[in-house]
Each structure stands twice: as C-alpha cells, then as structure tokens.
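# Structural overview
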Amino acid sequence: MAGAYDDRDGFIWMDGKLVPWREANVHILSHALHYASSVFEGERCYDGKIFKGHEHSLRLIESGRLLDMKIPFTAEEIDAAKAEVLAANNLTNAYVRAVAWRGAGEDMGVAARRNPVRLAVAAWEWGAYYGDAKMQGAKLDIAKWRRPSPETIPTAAKAAGLYMICTMSKHAAEEKGCSDALFFDYRGYVAEATGANVFFVKDGEVHTPIPDAILNGITRQTVIAMLRDKGMVVHERHILPEELETFSECWLTGTAAEVTPVGQIGDYHFQVGEITRDVAKSYEELVRA
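Our subject in this report is the structure included herewith. Nothing here was measured: the structure is a model prediction, and the numbers come from that model.

### Focus: the overall build of the protein
The number of helices and strands found in the protein is 7 helices and 15 strands. Taken over the C-alpha trace, the protein has a radius of gyration of 19 Å; the compact-globule value for 289 residues is 19 Å, and the two agree within 12%. Once the C-alpha set of the protein is aligned to its principal axes, its extents read approximately 55 × 40 × 35 Å. Residues classed as buried in the protein amount to 49% of the 289 residues present. Sequence-distant contacts in the protein: of pairs separated by 6 or more residues, those separated by 24 or more amount to 67%. Carbon and sulfur atoms make up 52% of the accessible area of the protein, which amounts to about 13,700 Å² in all.

This is how it looks when you write it as structure tokens:
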C-alpha cells in the first residue's frame, strides 16, 4: 500500500465500523478542523501485536477528558477496533493511528457541546521515522519556538493543537538539512523534539527532562524502566541548554522514533556510543518479545 494518504486501498475504522479507505471522510465544518478539538495516538504493531496498545487507548481517553471531550468508546472497544483494522488490512508490522475529534453538528463556534465526538483508527506500513539517522545519529536544529506552560494548555494531553509549532519547527529544521528540532520549554529548560522525548548520557549515567511541561511518552516511560532494570542511574530533572556540551551521548524516544541515536543538536556533537546502542537493541528486543 503506497501513494497519497487519501488515495489507498484498504479500510479505516470510523465510529464503530470499517469503511473503505477512500470513503473515510469528514465534513469541512468539523469543529476539529477549525478549533483543534482533536486528540490522537500513534502506536506500532510488531509481528501482529501492538506494543502497549491498551496503555495508548487509555491515554487517548484521558487526552479527550483533558480537552473536555468525552470519547464515546471504552479502552477495550478501542483495542478491538485497532485489531479489526490490522486484520482488515492484512497488516502484522504497522503504524496505528487512533484519532478522536469533535465533528460537525449544531455548533460552529468555539463552544461545541452539541457536536458529536467521533473516533477513527487507521493503520499503514511505516519504516524508520528518521530514515538512515536510525543508525548514523540524527542531526537536530534548535527550535525558535518553546513548549508552552501547563498553565496555558493541557500539556499532558496528546492533542493536535500542541503539534502546530512542531510542524513549523520540523519544516525549519529540514530546510537546514536536519532531521528534527529540539525545543526548550517556556522556562528555557531542554524539553523534547517535535515528536519524541530526549535522553542524554554523562559519565555513564542517564539524564532526561522531567515531564512537567511535556508529554510523558509511553516509550519514554518504557525506556526509563528498562534502564533501571539494567541497574543504570536515570536522572529525571530540569536540564539547562548550556549542559548540552557536557553530554557524551544522546537519543530520542517515541512510538514512531522508537530509539533513535542523535549525533548533533545545533553546534553540540554526540557519539552514538555503547549505552545508546544497547538501549536501541534492548528496546527492539522488548517490543518483539
């Protein structure tokens, strides 16, 4: 299956049933298109099993709650929809996207309580998110935008609106020959990349930003637990930009990114070292276990 995302064979699950891929459409006056009332999940299926799929379904529901948007399906029903989509499209290794949004209805202003909350699940084959950087180490720009304060937006939600500056920053990074961009947060601390959490190594210990203004990624949590199981020291803390020059290794984590080594952020360089390679190998084994 290839080509434009709106012109493919296959099926997408929408509001309780499978529909042909090309017919999985929404009305132009859907509230989400105008006011960003949308939340989503990205998941990977390995050898027929979605890694931590139920945790993703629970987070989708929680993201909806944080946006005052009750999703009309249980986590178990969402799990079943994902399985149905994979089977209908004959996929065993795939990326899975569940998205919930306020649709078109009686309201077409900021308030939208009378509009239905809709849910769709799609899946497709998707290789390494950063291409060759998976092996060589990604090159990151430093974004001019900052991740917002949790007092301005529900930063714990995986909400579409939070990704607006991610798209802008990734475009700017790509124009400079980079794979991605690193954000600082509203206070000036190191935050995250446009779609992934970030980890650093210094003197054999691991450091990662505390998720008090960024998404606490499921892959992030998985990798921290994995490192601690190995006896590694992991510091979850605020990291200042000037500390970047003191770290020897760096990697990104995310469902799409998996574990991707980083070779450069701005003017700072990192080795694709032993700890990074071990984390990437261990994660690859874990998701297929």
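Back to the write-up after that little detour.
### Brief notes about the packing of helix H6 (residues 218–229) against helix H7 (residues 274–287)
At their nearest, the axes of H6 and H7 sit 11 Å apart, and the two run at 110° to each other. Classified by the interaxial angle, the pair formed by H6 and H7 is roughly perpendicular. From H6, Thr219, Thr222, Val223, Met226 and Leu227 reach across to H7, where they touch Val279, Ser282, Tyr283 and Leu286. Looking at the contact of H6 with H7 residue by residue, the class counts come to 6 nonpolar, 3 polar and no charged.

### Re the side chain of Thr253
On the secondary structure map, Thr253 appears in strand E13 (residues 249–254). Excluding residues within four positions of it along the chain, Thr253 makes contact with Ala196, Asn197, Phe199, Thr219, Arg220, Val223, Glu258 and Val259.

### Observations regarding a nonpolar patch on the surface
Together, Ile28, Leu29, Leu33, Tyr35, Met108 and Val110 give the surface a local cluster of nonpolar side chains, amounting to about 610 Å² of exposed area. Here Tyr35 lies in helix H1 (residues 31–35). Accessibility expressed as a relative area gives 36% for Tyr35, which makes it partly exposed.

### Brief notes about the packing of aromatic side chains
Inspection of the entire model under this criterion finds 10 aromatic pairs. Here Trp13 and Phe73 contribute two aromatic rings whose centre-to-centre distance is 5.2 Å and whose plane-to-plane angle is 70°, an arrangement assigned as edge-to-face. Here Trp13 is found in strand E1 (residues 11–14), whereas its partner Phe73 is found in the loop between helix H2 (53–66) and helix H3 (75–88), with 60 residues between them in sequence. With 6.2 Å between their ring centres and 45° between their planes, Phe200 and Phe270 make a pair best called tilted.

### A short note on H6
The end-to-end C-alpha separation of H6 is 17 Å, in line with the 16 Å expected for 12 residues at 1.5 Å each. For H6, the set of buried residues is Ile218, Thr219, Arg220, Thr222, Val223, Ile224, Met226 and Leu227. Looking at the residues trailing H6, positive phi occurs at Gly231, about 90°.

### Quick notes on the nonpolar core
Counting 24 residues, the largest nonpolar core has Trp13, Val39, Leu60, Ile71, Leu86, Leu119 and Val121 as its most contacted members. Only strand E3 (38–46), H3, strand E5 (94–102) and strand E6 (117–124) provide two or more residues apiece to this core. Ignoring sequence-local partners within four residues, the contact set of Val121 consists of Ile12, Trp13, Ala81, Lys82, Val85, Val96, Arg97 and Ala98. Core analysis: the second largest hydrophobic core is formed by 18 residues, Leu182, Phe184, Leu244 and Ile265 among them.

### Structural notes on unusual backbone geometry
A positive phi angle is found at Ala36, which is not glycine, with a value near 60°. Inspection of the secondary structure assignment puts Ala36 in the loop between H1 and E3. Unlike most non-glycine residues, Asp203 shows phi in positive territory, near 50°. Note on placement: Asp203 falls in the loop between strand E10 (197–202) and strand E11 (205–209). For Asp203, a relative accessible area of 71% corresponds to the exposed category.

### Topic: the sheet that holds E1
Taking strand neighbours across the sheet as the criterion, the 6 strands line up as E2-E1-E6-E5-E3-E4 in an open arrangement whose pairing is antiparallel. The open sheet is flanked by strand E2 (17–20) and strand E4 (49–50), the only strands paired with a single partner. Sheet analysis places E1 next to E2, joined by 4 bridges and oriented antiparallel. Within E2, the position partnered with Phe11 by the bridge is Pro20. Along the sheet, H2 makes contact with E3, E4, E5 and E6, crossing E3 at roughly 175°.

Thresholds applied
- Residues numbered from 1 in each chain as written.
- Predicted model: local features only at pLDDT ≥ 70, side-chain atom pairs only at ≥ 80, totals over all residues.
- Heavy atoms only, no water.
- Helix = DSSP H or I, 4+ residues; strand = E, 2+ residues; numbered from the N terminus.
- Rg over C-alpha atoms; globule rule 2.2 N^0.38 Å.
- Buried < 20%, exposed > 50% of the residue type's maximum accessible area, 1.4 Å probe, protein only.
- Contact = heavy atoms within 4.5 Å.
- Areas by Shrake-Rupley, 256 points an atom, 1.4 Å probe, with all protein chains shown as cover.
- Axes fitted to C-alpha atoms, helices over the stretch in contact; angles between N-to-C directions.
- Parallel < 35°, antiparallel > 145°, perpendicular 65-115°, else oblique.
- Nonpolar A, V, L, I, M, F, W, Y, C, P; charged D, E, K, R; others polar.
- Patch = residues over 30% accessible without salt bridge, like charges linked within 9 Å, V, L, I, M, F, W, Y side chains within 5 Å.
- Salt bridge = Lys/Arg side-chain N within 4 Å of Asp/Glu carboxyl O.
- Phe/Tyr/Trp six-rings, centres within 6.5 Å; stacked < 30°, edge-to-face > 60°.
- Expected span 1.5 Å × (residues − 1).
- Core = buried A, V, L, I, M, F, W, Y, C linked by side-chain atoms within 4.5 Å.
- Pairing = 2+ DSSP bridges.

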